[in-house]
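Remarks on the overall topology
Below, each chain spelled out in residue letters.
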Amino acid sequence: MAVQNSMIEPMKKALPIEVDELTTLIGVDKDKERNIINYQYDVKNTPEHTLLLPSTLDTIHQALFNAYCENTDEMQQLKTAFPDGANYHYFIDNKEIVVVELTPADCRVK
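The model shown is predicted, which means the values in this text are computed figures rather than measured ones.

1. Regarding the side chain of asparagine 38
Residue placement: asparagine 38 occurs in strand S3 (residues 36-43). Among the polar contacts listed, one links the side chain of asparagine 38 to the side chain of histidine 89, at a separation of 3.0 Å. If near-sequence neighbours (up to four positions away) are discounted, asparagine 38 is found in contact with Gly27, Val28, Asp29, Lys30, Asp31, Asn87 and His89.

Below is the structure:
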């Protein structure tokens, strides 16, 4: 879909994007089978077990949920272009450690 590409391409051109001191957005693409946008993050200076702690996972999930469910024009466009949701993949040393999956329906639940 052209609208999906028009959202992904500018992000790709801006990569890598530093999210915070530990997290860098290194990739963004469209899921091949469904209307999902995939984000790939590289996490540095963080041991795998720390990233997998329930408190850490909860913090990550809450931050992504808050951003994804924000009622901004940009997020509305994203959810319209990718109605099946967004997946956030976290890597340490090129190994996928965590995936957070959000869909527009998640925003309506709360």
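Next, the rest of the story.
2. Brief notes about unusual backbone geometry
Cis peptide bonds are those with omega within 30 degrees of zero, and the linkage from leucine 15 to proline 16 qualifies with -5 degrees. As for its position among the elements, proline 16 is in the loop between helix H1 (2-14) and strand S1 (17-18). In this structure, aspartate 93 is a non-glycine residue whose phi angle is positive, near 50 degrees. Counting through the fold element by element, aspartate 93 comes out in the loop between strand S4 (85-92) and strand S5 (95-102).

3. Observations concerning the state of the cysteines
Here a disulfide denotes a covalent bond joining the sulfur atom of one cysteine to the sulfur atom of another. In the structure shown here, the tally under the stated rule is one disulfide. The disulfide that involves cysteine 69 links it to cysteine 107, with 2.0 Å between the sulfurs. Note on the cysteine 69 and cysteine 107 pair: the S-S dihedral is about -80 degrees, so by sign convention the disulfide is left-handed. Linking cysteine 69 in the loop between helix H3 (54-68) and helix H4 (73-81) with cysteine 107 in helix H5 (residues 104-109), this pair joins segments that are 38 residues apart in sequence.

4. With respect to the pattern of salt bridges
Should the charged atoms of two oppositely charged side chains come close, the side chains can pair. Tallied over the full model, the rule gives one salt bridge. A salt bridge links lysine 95 to glutamate 48, with the shortest nitrogen-to-oxygen separation between them at 3.2 Å. Taken together, the residues span a long stretch of sequence, with lysine 95 in strand S5 and glutamate 48 in helix H2 (residues 48-51) at a distance of 47 residues. A relative accessible area of 34% places glutamate 48 in the partly exposed class.

5. Things to note about H4
Those residues of H4 not exposed but buried are Met75, Leu78, Lys79 and Ala81. Along H4, the residues classed as buried sweep out an arc of 165 degrees about the axis, all on the same side. Pointing more than 90 degrees away from the buried face of H4 are the exposed residues Asp73 and Thr80.

6. Here we look at the packing of aromatic side chains
Across all of its chains, the model carries four aromatic pairs by this definition. Relative to tyrosine 88, the ring of tyrosine 41 lies with its centre 6.4 Å away and its plane at 20 degrees, an arrangement referred to as stacked. Here tyrosine 41 is found in strand S3, whereas its partner tyrosine 88 is found in strand S4, with 47 residues between them in sequence. As far as the burial class goes, tyrosine 41 and tyrosine 88 line up, both buried. Ring-pair connections join several aromatic residues into one group, and the members of that group are Tyr39, Tyr41, Tyr88 and Tyr90.

7. Looking at the pairing of strand S2 (residues 23-30)
As defined by bridge partners, S1 adjoins S2 across two bridges and the pair is classed as antiparallel. Considered in S2, the bridge of isoleucine 17 is made with leucine 25. Hairpin remark: S1 followed by S2, antiparallel, with four residues in the connecting loop. If you look at the hairpin formed by S2 and S3, you'll find five residues sitting between the two strands.

Parameters and conventions
Residues numbered from 1 in each chain as written. Predicted model: local features only at pLDDT ≥ 70, side-chain atom pairs only at ≥ 80, totals over all residues. Heavy atoms only, no water. Helix = DSSP H or I, 4+ residues; strand = E, 2+ residues; numbered from the N terminus. Polar contact = N/O pair within 3.5 Å; in protein donor to acceptor, adjacent residues only side chain to side chain. Contact = heavy atoms within 4.5 Å. Disulfide = S-S within 2.5 Å. Salt bridge = Lys/Arg side-chain N within 4 Å of Asp/Glu carboxyl O. Buried < 20%, exposed > 50% of the residue type's maximum accessible area, 1.4 Å probe, protein only. Arc of directions from axis to C-beta. Phe/Tyr/Trp six-rings, centres within 6.5 Å; stacked < 30°, edge-to-face > 60°. Pairing = 2+ DSSP bridges.

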